[in-house]
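Chain and residue survey
Spelled out, the chains give:
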Amino acid sequence: MKAMPRPVYLAAGAYTVSLGPGRREFNPRTGRPGLDHYIREAGRAVLAQIGDPAVIDEGVIGNFMAARFNRQGHLGSLMTIVHPSLEYKPALRVEGACASGGLALATGIKSVLSGLADVVLVMGVEVQNTVKALYCADYLAGAGYYAGERKDGPAFFFPGRFSERAGAYGAKVGPALARSAMARWYRNAVEHARLNPDAQEYHNSVPDLLAHGLTPPNPRTFTEHLNLFDCSKVSDGAAAILLASGEGLRRLGLARQDAVEVAGFGQLAANLTAPPPDLTELTTCRLAAAQAMAMAGIAIQDAGVFEVHDCFTISGLLSVEALGLAAPGAGAELVLAGATARTGPFPMNTGGGLIGYGHPTGASGVRMAVDLWRQLTGRAGTCQVPLAREHGIMVSMGGNDKTVVSLVLRR
Amino acid sequence: MDLNTRLRQVAVVGAAGKMGSGIALLLALELAYRALEQPDATFILNLIDMNDAGLQGLVRYLRDQAAKDGEKQINRLRALFRDRADLVDNQDMVQEFVFEVLLRIRTGKTLALAAESLLVFEAAFETEEVKHAIYRDLAARCPAETFFLTNTSSIPLQPLGEACGIPGRLIGFHFYNPPAVQKLVELIRPRDCAPELAALAGELARTLRKTTVPANDIAGFIGNGHFIRDGLYAIREVERLAPEHGFVPALYLVDRVSRDFLLRPMGIFQLMDYVGIDVFQLITRVMAAHLGEDLHSELIDRVLALGVKGGQAPGGAQKPGFLDYQKGRPAAVYDPAAGAYASLDSPWAREADARLGPLPEPGQSWKALSRDPDPTAKLTAWFRSLRDLDTLGADLARRHYRASRETGLGLVRRGVADGPEDVNEVLKLGFFHLYGPITDYL
């Protein structure tokens, strides 16, 4: 992959609270804000950080399943509610399952690279608490091969799919080691979330997180190899950030140090109808991250902060290996040793990640970019970790490792 | 005729009531699953009630509860619908299941609807006149092989079956409230009960995942045999304490002691409100008529005459009775002299608490102990502490404990229960007590 033909920057990120079970203000029996609320709140939080919103040339919004969760299509048009100056400009919604947010970023990057836009507002949104978790599982199953997999698949479809991966990984490294590492991943996620007031697990005050994480899975009521703590929860939320060329930054009135540079990106799709080549590897994630790093001309050792797609604790462990931080099968030990905690050498998901912050599916990729931008520009507040290196890397995954977008960001 | 054959034609009489609707739900779900597993057979559930609005409310309730059950049983549904290519999502299957449940339901206002039923559950108003009228009518309409399962909690069955021309075909199958949740069924087998019916009732209880406790065919059986006398004891205590403490504080004292000192899930007057003071009175009348025992209470007559009845609103909320409630918790005590409720958030309640004195040590609650797989040691320590306290609260608790124990022993003595274990089991399973009345903690 060639180097980036033109500098592209990320700046002025923001995201909303991830609302859902775990937040004190969440009540499944009362009404809740809808798509408009989240789009407005995240979008306007971006605009509050810049001068004139009229300099925005385009909008892109990532969303997975509003058509089912909210019976709403046409989100490209809906996103113009953020500000009147967005009207009569290009805006579109992109979809790539849980990588929809990552895909929105990739789409925006290409617009800036094309030279047709200097400033792109990139958003992601999902409002999922409109249905019970059992029916949410139906909608999210659309990220798999529906015609081929759903009918014979488990009731909780994606937990079932990643349970298979957890089982295979346990068979490879030993089930006890795998379970302990997944429990440690859960503990890290909640401990990080407790520092992030917008996180779904912010109010979590359970004293012994590891004990929860070690809960034996119940195949009769849920899955064979995953317990409920291994899973990201059902979430409502949105994230937004600006992509800009050098000229765009100037128009926005932002300095270089307010922004991070997109040093490289990888965007890949794998065959939705085929089973994963190896249950113990996130192959597409590995290839996309490698592509992004090659484009940026860096190795994984050059990155000091990480955002990975831990929709389940097992995908967190496998992401550590996919990034090349550990050899295949060695990720569990690395996580158990605390290497991916905010105090470790590879601080990962410092705002809580999908398990700690929450997983409003279409927003997650954009939220990752916001968290990396905050860390790399020293804006992460209570979540801030000391940065030993110049780069951050994120991997946004859709479905069972089928659509992946990876970004390397440079301070 | 086996249970499965009988379940193909079932009726519930009094189906829109509190107990009837719960029984209807249990049967509706059971019949739907059987229908799905036996696609060539038809299963019909006739739901009979005199109240049109009640029947519509019942169908709505069954729809909502069927969806909840289907959601809980999603793995079973996914397996049952494996060959249905048109059902893919969880939602498709739960909706289809709800349809399958409602498909079996026929509602109506007359007993003619039960004419083909082979099993008839009856949960009608608890008076002998009503039950006699129903069974005489059913005896004329239903096939000779039909079995009748009554949910009566007090009326002796042998004379009822004989008087109505269904001898041997009637059994007591007494669910506890709410039937869909409570594990206990008190099984009352009249003297002439057909062995086939007794065996069938046992099999049905297992099918519905209920635990049966046998009680003998003596008015009130075990559950009400204890509860009614326990309630009347509490009323006598209030009358004893009222001259010194005043009626309202006295009622509060007795209710609180039975809950907090005896570690019951609710106080005795709250329980009477839960059952309904009017229902309580009906049961005392049935029991008094058959047992020749004086079970009359002037206080009950008086509050009912003032329109204070307790019982539950259609949504399940507790209606005011001896106590008034906020968010399900006692918040005021009824004062018949004033015809009004006296709030617990008042100095008199705090004074009453002070007069009771401290709770035994170490502190326990019914809620915490109810989750304890074996609370025996904690209960022993609690009652040892209670025994040594020289306070009004401890004195009232000891008196109530002994009265309750004596009531339990009386049930064994009179042959209502076959042994102390059956009394204890009914109180533990049906009333959620932590310990049976016939125990030696004091």
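The coordinates are above.
Just so we're clear, the structure is a prediction, and the values are computed from it rather than from any experiment.

Conventions and cut-offs
- Residues numbered from 1 in each chain as written.
- Chains lettered and ligands numbered in written order.
- Predicted model: local features only at pLDDT ≥ 70, side-chain atom pairs only at ≥ 80, totals over all residues.
- Heavy atoms only, no water.
- Helix = DSSP H or I, 4+ residues; strand = E, 2+ residues; numbered from the N terminus.
- Rg over C-alpha atoms; globule rule 2.2 N^0.38 Å.
- Buried < 20%, exposed > 50% of the residue type's maximum accessible area, 1.4 Å probe, protein only.
- Contact = heavy atoms within 4.5 Å.
- Areas by Shrake-Rupley, 256 points an atom, 1.4 Å probe, with all protein chains shown as cover.
- Lys, Arg positive; Asp, Glu negative; His and termini not counted.
- Charge placed at Lys NZ, Arg CZ, Asp CG, Glu CD.
- Phe/Tyr/Trp six-rings, centres within 6.5 Å; stacked < 30°, edge-to-face > 60°.
- Buried area = accessible area lost by both parts, 1.4 Å probe.
- Salt bridge = Lys/Arg side-chain N within 4 Å of Asp/Glu carboxyl O.
- Polar contact = N/O pair within 3.5 Å; in protein donor to acceptor, adjacent residues only side chain to side chain.
- Core = buried A, V, L, I, M, F, W, Y, C linked by side-chain atoms within 4.5 Å.
- Pairing = 2+ DSSP bridges.
- Axes fitted to C-alpha atoms, helices over the stretch in contact; angles between N-to-C directions.
- Expected span 1.5 Å × (residues − 1).
- Arc of directions from axis to C-beta.

Let us look at the overall build of chain B. A count of helices and strands for chain B gives 18 helices and eleven strands. Taking 442 residues into account, the globule formula puts the C-alpha radius of gyration at 22 Å, and chain B, at 23 Å, falls close to it. A burial count over chain B gives 57% of its 442 residues as buried. In chain B, once contacts between residues fewer than 6 apart in sequence are set aside, the share between residues at least 24 apart is 71%. On chain B, roughly 18600 Å² of surface is accessible, and the fraction owed to carbon and sulfur atoms is 51%. Where the 51 positive side-chain charges of chain B centre and where its 57 negative ones centre are 2 Å apart.

Attention shifts here to the packing of aromatic side chains. Residues and elements named next belong to chain A. With the rule as written, the count across this model stands at 23 aromatic pairs over all chains. Taken together, a centroid distance of 5.4 Å and an interplanar angle of 55° make the contact between Y186 and F229 tilted. Here Y186, found in helix α8 (residues 175–193), pairs with F229, found in the loop between α9 (209–213) and β5 (236–244); they are 43 residues apart in sequence, far enough to count as distant. Exposure remark for F229: the relative accessible area of 27% places this residue in the partly exposed category.

Further remarks concern the interface of chain B and chain A. Contact with chain B, which involves 16 residues of that partner, is made by 14 residues of chain A. Together, the buried faces of chain B and chain A total about 1200 Å²; carbon and sulfur atoms form 40% of this surface. Our count for the contact surface shared by chain B and chain A stands at three salt bridges. Between chain B and chain A we count 17 residue pairs in polar contact (both at pLDDT 80 or more) in total. Of all the secondary structure elements, the ones that give two or more residues to the side of chain B that touches chain A are α3 (52–72), α4 (74–80) and α5 (90–103) of chain B. Here the side of chain B that touches chain A gets four residues from one element, more than from any other, and that element is α5 of chain B.

Turning our attention to the nonpolar core. Membership of the largest hydrophobic core comes to 196 residues, with the highest contact counts inside it found for L10, L121, I314, L323 and L407 of chain A together with F121 and F173 of chain B. Tallying contributions element by element places helix α2 (residues 18–37) of chain B first for this core, with 13 residues. Among all residues touching F173 of chain B, those that are not within four sequence positions of it are F121, L149, T150, N151, V185, E186, L187, A201, L204 and A205 of chain B. Counting 87 residues, the second largest nonpolar core, distinct from the first, contains A124, C142, L271 and V416 of chain B.

Inspection of every chain in the model, using the stated rule, returns 44 salt bridges over all chains. Close ionic contact of E307 of chain A with R367 of chain A constitutes a salt bridge, the shortest N to O distance being 2.9 Å. Of this pair, E307 of chain A sits in strand β7 (residues 303–307) while R367 of chain A sits in helix α15 (residues 364–376); the two residues are 60 residues apart in sequence, bridging distant segments of the chain. One salt bridge in this structure joins E237 of chain B and R399 of chain B, with 2.7 Å as the shortest N-O distance. Taken together, the residues E237 of chain B in helix α9 (residues 223–245) and R399 of chain B in helix α17 (residues 392–413) connect sequence positions 162 residues apart. Here R399 of chain B falls in the partly exposed class, since its relative accessible area comes to 32%. Each of the salt bridges in this network shares a partner with another, and the network as a whole consists of R6, D118, E247, R250 and R251 of chain A.

Now for the sheet that holds strand β6 (residues 260–269) of chain A. Strand pairing in a sheet relies on backbone hydrogen bonds. The paired strands run either parallel or antiparallel. Residue and element names in this part refer to chain A. Sheet architecture is open: nine strands sit in the order β3-β2-β4-β5-β1-β6-β9-β8-β7, paired in mixed fashion. If you trace the sheet from one side to the other, it starts and ends with β3 (91–94) and β7, each paired once. The mean angle between the axes of side-by-side strands here comes to 25°, regardless of whether they run parallel or antiparallel. As judged from the five bridges shared by strand β2 (residues 58–62) and strand β4 (residues 119–127), these two strands associate in the parallel manner. Counted as the bridge partner of V60 is V122 from β4. Sheet strands in contact with α15 are β1 (9–15), β4, β5, β6, β7, β8 (391–398) and β9 (403–410), and its direction is about 110° off that of β1.

Moving on, we come to helix α16 (residues 376–388) of chain B. All names here are of chain B. With 13 residues, α16 extends 19 Å from end C-alpha to end C-alpha; this agrees with the ideal 18 Å at 1.5 Å per step. Every buried residue of α16 is listed here: L379, W382, F383, S385 and L386. Seen end-on, α16 carries its buried residues on one side only, within an arc spanning 155°. α16 presents A377 and D388 as exposed residues on the side facing more than 90 degrees away from its buried surface. Taken together, the buried residues of α16 touch α10 (247–261), α15 (366–370) and α17.

Residue and element names in this part refer to chain B. Taken together, the three strands give an open sheet; going across it, the order is β9-β10-β11, and neighbouring strands pair in antiparallel fashion. Only two strands of the sheet have a single partner each, and these edge strands are β9 (323–326) and β11 (340–343). Within the sheet, the average angular offset between the axes of one strand and its neighbour, ignoring direction, is 40°. Where helix α11 (residues 268–275) meets the sheet, its contacts fall on β9 and β10 (329–335), and the angle it forms with β9 comes to roughly 80°.

For residues other than glycine, phi is negative in most cases, and the peptide bonds are mostly trans. Residue and element names in this part refer to chain B. In the segment running from N177 into P178, the intervening peptide bond is cis, with an omega of -5°. Relative to the helices and strands, P178 resides in the loop between β6 (170–175) and β7 (184–188). Cis peptide bonds are those with omega within 30 degrees of zero, and the linkage from E361 to P362 qualifies with -15°. Note that P362 resides in the loop between α14 (347–356) and α15. Backbone geometry at R209 places phi at a positive 60°, although glycine is not the residue there.

The next thing to look at is helix α12 (residues 313–322) of chain A. Residue and element names in this part refer to chain A. Counting buried positions along α12 gives ten out of ten residues, so the element sits mostly inside the fold. Listed in full, the buried residues belonging to α12 are T313, I314, S315, G316, L317, L318, S319, V320, E321 and A322. Elements that come into contact with the buried residues of α12 comprise α7 (157–173), α8, α11 (283–296), α13 (331–336), α14 (353–356) and β8. Taken from the residues just after α12, G324 is the one with a positive phi, measuring 90°.

Residue and element names in this part refer to chain B. One can find T439 in the segment after α18 (420–431). Only 2.5 Å separates the side chain of T439 from the backbone oxygen of G436, close enough to count as a polar contact. Apart from residues no more than four positions distant in its own chain, T439 is found in contact with Y401, R405 and N424.

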